[in-house]
Amino acid sequence: NLLSIIDKYLIVNDYSNALIWSKELFKLDNKYQHGIVRLKKSLQGLGKFNEIVNYRLQYAKAVESAYAYIGVLDAIQKSIEKNQHSSYEINLAHQIGEDLLKNWGLMENVAIDVIDKYNKILVLDNKIDIAFKITEKAFTRVKTTNDERINKLVLTYSNLLVANGNYEGAN
């Protein structure tokens, strides 16, 4: 099967051949989660972080899931960190982040994941003031008693404080 062929190439770090077969698998079914995972690994192995963004976006549009769009934000974050981005990726991140938070009616736990991921991009884009506003608004609306979710939001806020140079407040 195609997955095992791709996996054999990935195991030996032959990312070029893994990429060829991963692209074929993606052409066959752009909604197949295991296919996008292999494609991402292949592109990461080749250091092509900006290309991951385009494939993740195609996948997200095909499956129409909030987590798939969080995957696009993750790919954009990595492309920024690897300095392989353009204004297109930055604008796309803002479009996706704002759209998810305003229009998707996300369950609280998913919204916290979106806030966490989008904040990382906002910090990288020097828009920390927007990240603070989004996070502070979330604190006023959170109704969960799930410690993991609350801790994630607190950690997100703490990371914003650190990014803003407020190390004492982050403690």
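Residues numbered from 1 in each chain as written. Predicted model: local features only at pLDDT ≥ 70, side-chain atom pairs only at ≥ 80, totals over all residues. Heavy atoms only, no water.

Chemist: Can you help me understand the overall build of the protein in this one?
Modeler: Helix and strand counts for the protein stand at 10 helices and 0 strands. When its helices and strands are written in sequence order, the protein yields α-α-α-α-α-α-α-α-α-α. Across its three principal directions, the C-alpha atoms of the protein cover 50 × 30 × 30 Å. Taken over 171 residues, the protein has a buried fraction of 40%. Put simply, of all contacts in the protein between residues at least 6 apart along the chain, 56% involve residues at least 24 apart. Accessible surface, the protein as shown: approximately 9,500 Å² in total, 49% of it carbon and sulfur. Of the side chains in the protein, 22 bear a positive and 20 a negative charge, and the two mean positions are spaced by 3 Å. (Helix = DSSP H or I, 4+ residues; strand = E, 2+ residues; numbered from the N terminus. Buried < 20%, exposed > 50% of the residue type's maximum accessible area, 1.4 Å probe, protein only. Contact = heavy atoms within 4.5 Å. Areas by Shrake-Rupley, 256 points an atom, 1.4 Å probe, with all protein chains shown as cover. Lys, Arg positive; Asp, Glu negative; His and termini not counted. Charge placed at Lys NZ, Arg CZ, Asp CG, Glu CD.)

Chemist: Just checking my understanding: could you explain the packing of aromatic side chains for this structure?
Modeler: Between two aromatic rings, the relevant description is the distance of the centres plus the angle of the planes. What the rule picks out here adds up to 4 aromatic pairs. With centroids separated by 5.3 Å and ring planes inclined at 90°, the aromatic side chains of Phe26 and Tyr55 adopt a geometry described as edge-to-face. Residue Phe26 is found in helix H2 (residues 15-28), and its partner Tyr55 is found in helix H4 (residues 49-63); the two are separated by 29 residues along the sequence. One exposure class covers both Phe26 and Tyr55, and it is buried. Ring geometry for Phe132 against Tyr157: centres 5.5 Å apart, planes inclined by 75°, an arrangement best described as edge-to-face. Placement of Phe132 in helix H8 (residues 128-141) and of Tyr157 in helix H9 (residues 147-163) is noted, with a sequence separation of 25 residues between them. What makes Tyr157 partly exposed here is its relative accessible area of 21%. Through pairs of rings, three or more aromatic residues link up here, namely Phe132, Phe139 and Tyr157. (Phe/Tyr/Trp six-rings, centres within 6.5 Å; stacked < 30°, edge-to-face > 60°.)

Chemist: I would appreciate a short explanation of the pattern of salt bridges in the present structure.
Modeler: Proximity of charged atoms lets side chains of opposite charge pair with each other. In total, this model carries 8 salt bridges according to the counting rule given. For Lys78, the salt bridge goes to Asp74, with nearest N and O atoms at 2.8 Å. Placement of both Lys78 and Asp74 in helix H5 (residues 66-81) is noted, with a separation of 4 residues, approximately one turn of the helix. For Lys78, a relative accessible area of 27% gives the class partly exposed. Given a relative accessible area of 15%, Asp74 falls into the buried group. (Salt bridge = Lys/Arg side-chain N within 4 Å of Asp/Glu carboxyl O.)

Chemist: Hey, could you run me through a positive patch on the surface in this one?
Modeler: Together, Lys102, Lys137, Arg141 and Lys143 make up a positively charged patch on the protein surface. Mapped onto the elements of the fold, Lys137 is located in helix H8. (Patch = residues over 30% accessible without salt bridge, like charges linked within 9 Å, V, L, I, M, F, W, Y side chains within 5 Å.)

Chemist: Which parts of the structure should I look at to understand the nonpolar core?
Modeler: Across soluble globular proteins, nonpolar side chains show a tendency to be buried alongside one another. In terms of nonpolar packing, the biggest core is built from 41 residues, with Val72, Ile76 and Ile96 touching the most fellow members. Among the secondary structure elements, those contributing two or more residues to this core are H2, helix H3 (33-45), H4, H5, helix H6 (87-103), helix H7 (108-124), H8 and H9. The leading source of residues in this core is H5, at 9 residues. Listed in part, the 5 residues of the second largest apolar core include Leu3, Leu10, Ala18 and Leu25. (Core = buried A, V, L, I, M, F, W, Y, C linked by side-chain atoms within 4.5 Å.)

Chemist: Just to check I follow, could you spell out H9 for this structure?
Modeler: In an α-helix, one full turn covers 3.6 residues, which means residues spaced three or four apart are oriented alike. Compared with the 24 Å implied by 1.5 Å per residue over 17 residues, the 24 Å span of H9 between its first and last C-alpha is a close match. Of all the residues in H9, the buried ones are Arg149, Leu153, Thr156, Ser158, Leu160 and Leu161. Positive backbone phi, at 85°, marks Gly165, one or two positions downstream of H9. (Expected span 1.5 Å × (residues − 1).)

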